[in-house]
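Spelled out from the first residue to the last, the chains are:
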Amino acid sequence: MSQQLQSLRGMVDLLPGKTRLWRAVESVARAHFQRSGLDEIRTPLLEPTELFNRGIGEATDVVGKEMYTFADRGDRSCSLRPEGTASVVRSAIEHGLLSQGAQKLWYAGPMFRYERPQAGRQRQFHQIGVECLGVSSARSDVEVIVLAWDLLRDLGVSGLELQINSLGTLEDRQRYRQQLVTWLEDRVDQLDTDSQQRLSTNPLRILDSKNPSTQILLADAPTLVEALSQESAKRFETVQVLLNQLAIPFQFNSRLVRGLDYYGHTAFEIVSDQLGAQATVCGGGRYDGLVQQLGGASTPAVGWALGMERLILVLEAEAAANPDGAAARLTATRVPDLYLVNRGDQAEALALRLARQLRAAGVSVELDGSSAAFAKQFKRANRSGAAWAAVIGEEEAQARQVRIKPLLKAGEEQRFELNDPAAVVAVLQTTAQNYLCPEDQR
Ligand code: ATP
Ligand code: MG
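Calculation criteria
Residues numbered from 1 in each chain as written. Chains lettered and ligands numbered in written order. Predicted model: local features only at pLDDT ≥ 70, side-chain atom pairs only at ≥ 80, totals over all residues. Heavy atoms only, no water. Helix = DSSP H or I, 4+ residues; strand = E, 2+ residues; numbered from the N terminus. Buried < 20%, exposed > 50% of the residue type's maximum accessible area, 1.4 Å probe, protein only. Axes fitted to C-alpha atoms, helices over the stretch in contact; angles between N-to-C directions. Parallel < 35°, antiparallel > 145°, perpendicular 65-115°, else oblique. Contact = heavy atoms within 4.5 Å. Nonpolar A, V, L, I, M, F, W, Y, C, P; charged D, E, K, R; others polar. Left-handed = near helix turned anticlockwise from the far one by under 90°. Near = heavy atom within 4 Å. Polar contact = N/O pair within 3.5 Å; in protein donor to acceptor, adjacent residues only side chain to side chain. Areas by Shrake-Rupley, 256 points an atom, 1.4 Å probe, with all protein chains shown as cover. Pairing = 2+ DSSP bridges. Core = buried A, V, L, I, M, F, W, Y, C linked by side-chain atoms within 4.5 Å. Phe/Tyr/Trp six-rings, centres within 6.5 Å; stacked < 30°, edge-to-face > 60°. Lys NZ or Arg CZ within 6 Å of the ring centre and 35° of its normal.

Asks: Explain unusual backbone geometry to me, please; I cannot follow it from the model alone.
Replies: Peptide bonds are trans in most cases, and residues, glycine excluded, mostly fall at negative phi. A positive phi is found at H265, a non-glycine position, where the angle reads about 55°. Within the fold, H265 resides in strand β9 (residues 264–272). Accessibility expressed as a relative area gives 14% for H265, which makes it buried. For S371, which is not glycine, the phi torsion reads 60° and is therefore positive.

Asks: Just checking my understanding: could you explain the packing of helix α1 (residues 16–35) against helix α11 (residues 308–321) for this structure?
Replies: A packed helix pair is summarised by two numbers, namely the angle formed by the two axes and the spacing between the axes. One can describe the packing of α1 onto α11 by two numbers: an axis separation of 11 Å at closest approach and a directional angle of 105°. Considering their axes alone, α1 and α11 lie roughly perpendicular with respect to each other. Residues K18, L21, W22, V25 and E26 of α1 pack against M308, E309, L311, I312, L315 and E316 of α11. Tallied by class, the residues present in the contact of α1 with α11 amount to seven nonpolar, no polar and four charged.

Asks: How should I be thinking about the packing of α1 against helix α5 (residues 138–154) in this particular structure?
Replies: Between α1 and α5, whose axes approach to 10 Å, the crossing angle comes to 140°. When the axis of α1 is compared with that of α5, the two are oblique. For the crossing formed where α1 meets α5, the hand is right-handed. For the pair α1 and α5, contact is made by V28, A29, H32, F33 and R35 and by L147, D150, L151 and D154, respectively. The residue makeup of the contact of α1 with α5, split by class, is five nonpolar, one polar and three charged.

Asks: How should I be thinking about the site of ligand 1 in this particular structure?
Replies: R113, E115, R121, K210 and T280 are the nearest of the 14 residues found near ligand 1. Within the side chain of R113, an N or O atom sits 2.9 Å from an oxygen atom of ligand 1. Protein chains shield 87% of the accessible area of ligand 1, which is 580 Å² for the free molecule. Counting residues per element, the ones that place at least two in the shell around ligand 1 are β6 (124–133), β10 (280–286) and β11 (301–307).

Asks: Can you walk me through the sheet that holds strand β2 (residues 46–48) in this structure?
Replies: Two modes of strand pairing occur in sheets, parallel and antiparallel, and in both the strands are linked by backbone hydrogen bonds. A sheet is described by the order of its strands in space; here three strands give the open sequence β2-β4-β3, paired in antiparallel fashion. Of all strands in the sheet, those with a lone pairing partner are β2 and β3 (69–71), marking the two edges. Strand after strand, the sheet turns through a mean of 35° between neighbouring axes, direction not considered. Strand direction decides the pairing type here: β3 and strand β4 (residues 77–80), joined by three bridges, are antiparallel. Its bridge partner being in β4, T69 is matched across the sheet by S79.

Asks: Please clarify how the nonpolar core should be interpreted in this entry.
Replies: In terms of nonpolar packing, the biggest core is built from 50 residues, with L162, W304 and L311 touching the most fellow members. By residue number, the principal contributor to this core is α5, which donates ten residues. Other than its neighbours up to four places away in sequence, L311 contacts V25, L152, L155, V157, V281 and L306. With 45 residues, the next largest nonpolar core counts F52, L105, Y107 and A267 among its residues.

Asks: Which parts of the structure should I look at to understand the packing of aromatic side chains?
Replies: Aromatic rings considered in pairs are described by the distance between their centres and by the relative angle of their planes. Counted under the stated rule, the structure contains six aromatic pairs. Both rings, one in Y68 and one in Y114, keep their centres 5.6 Å apart while their planes meet at 75°; by these two values the pair is edge-to-face. Here Y68, found in the loop between α3 (61–65) and β3, pairs with Y114, found in the loop between β5 (103–112) and β6; they are 46 residues apart in sequence, far enough to count as distant. You can call Y114 partly exposed: its relative accessible area is 45%. An aromatic cluster of three or more residues is present, and its members are F33, W106 and W304. Across the ring face of Y114, the terminal group of R123 is positioned such that the distance to the ring centre comes to 3.8 Å. When the ring centre of W183 is taken as reference, the NZ or CZ atom of R187 above it lies at 3.8 Å.

Any link to function would need more than the numbers given here.
What follows is the structure, given as structure tokens:
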């Protein structure tokens, strides 16, 4: 036998037992976006490498160490997208969307980063994201944060914390960068090697270091918020007032940074207490300089991206801890409305046709395909959780009829003519709660 093939490290199959929860999350997200007036955008997975060099920055880990980059057959350098923002902005510029007024967009799909795989960290992972282009007010920052917060709350996630910071303007950050570098240079021997390197390339990113001793050292470092101009400080104050007015709890985190010149003012993360080291479920902020950086007209913008794998981990933990909660409802297994028991050549052909007719009428039908003894098929019908069983055997096939039996409640068996599927649908509607899958109910 030839050797079995496996997926690449960090590339994960989503098996049938998992996809239901994924679909449920995606459909709740879609409903939120629709109510908030956002439109979907879909961009290619593969982009010119230059887009990410310019749009994320060569000094970042993502571009410097984590990208899947290769030359295509025409010798162009291509990269699998490591995130969505740069592509969305490229697309908006390329197609002139920005001259058509503010663009409120969402996207969802796989992203690729060559990282060390662990719980909540994969090489192919998935994000749902929001980008609002052409909006500048503090209120728009809050609107975008609220969208993420309410989505997570509706999904039934608890134990979340919203952390916010302000990165101010470019001038604020230049002033601060100088203070920080001076302060760190006096303590360079206490820094981890990664941070020592960043001191010259991207010093603000040091604030984001996960190294424990660097984190302790940074507790006494000067903070960005102290370096904000009066105007920037006032803007940040407005964001906080608005969050308070909406009763959205938040923590100020002076070390939350995005570390690039085109990010400024509001930065935020939503972290979960259930995820250990990979705690950030959602991260975002304002990036007023990016559109220009990518060749468009100066356009303010704000957005976020949410990591699906981490969200799913949180939801699974939540569902296990609280079996009656919203998260548990999302993970509930699929139950057909009707289980169709059938056996014998003629009966099986008629059952296939009836299944098709009932499905077209919106009934979810599990058609037993085994041709096994009736007792065996009935056992499976009972296990399926379906409210009804339908039976077509040789005798029913001869009479062109189907028998319908309630499985969950006591009740009489009824016979229907096979040429009248509408009558079957009508009787099934007496247990209408099973009719629609959850995504359709929202
Ligand atoms: P981290 O510090 O955890 O590496 P990040 O700052 O690189 O996160 P962003 O680029 O802000 O992450 O991406 C937004 C979200 O996407 C993260 O908060 C996280 O939920 C998710 N995410 C990022 N990288 C991965 C990955 N390799 N695997 C799974 N999810 C990821
Ligand atoms: Mg990362």
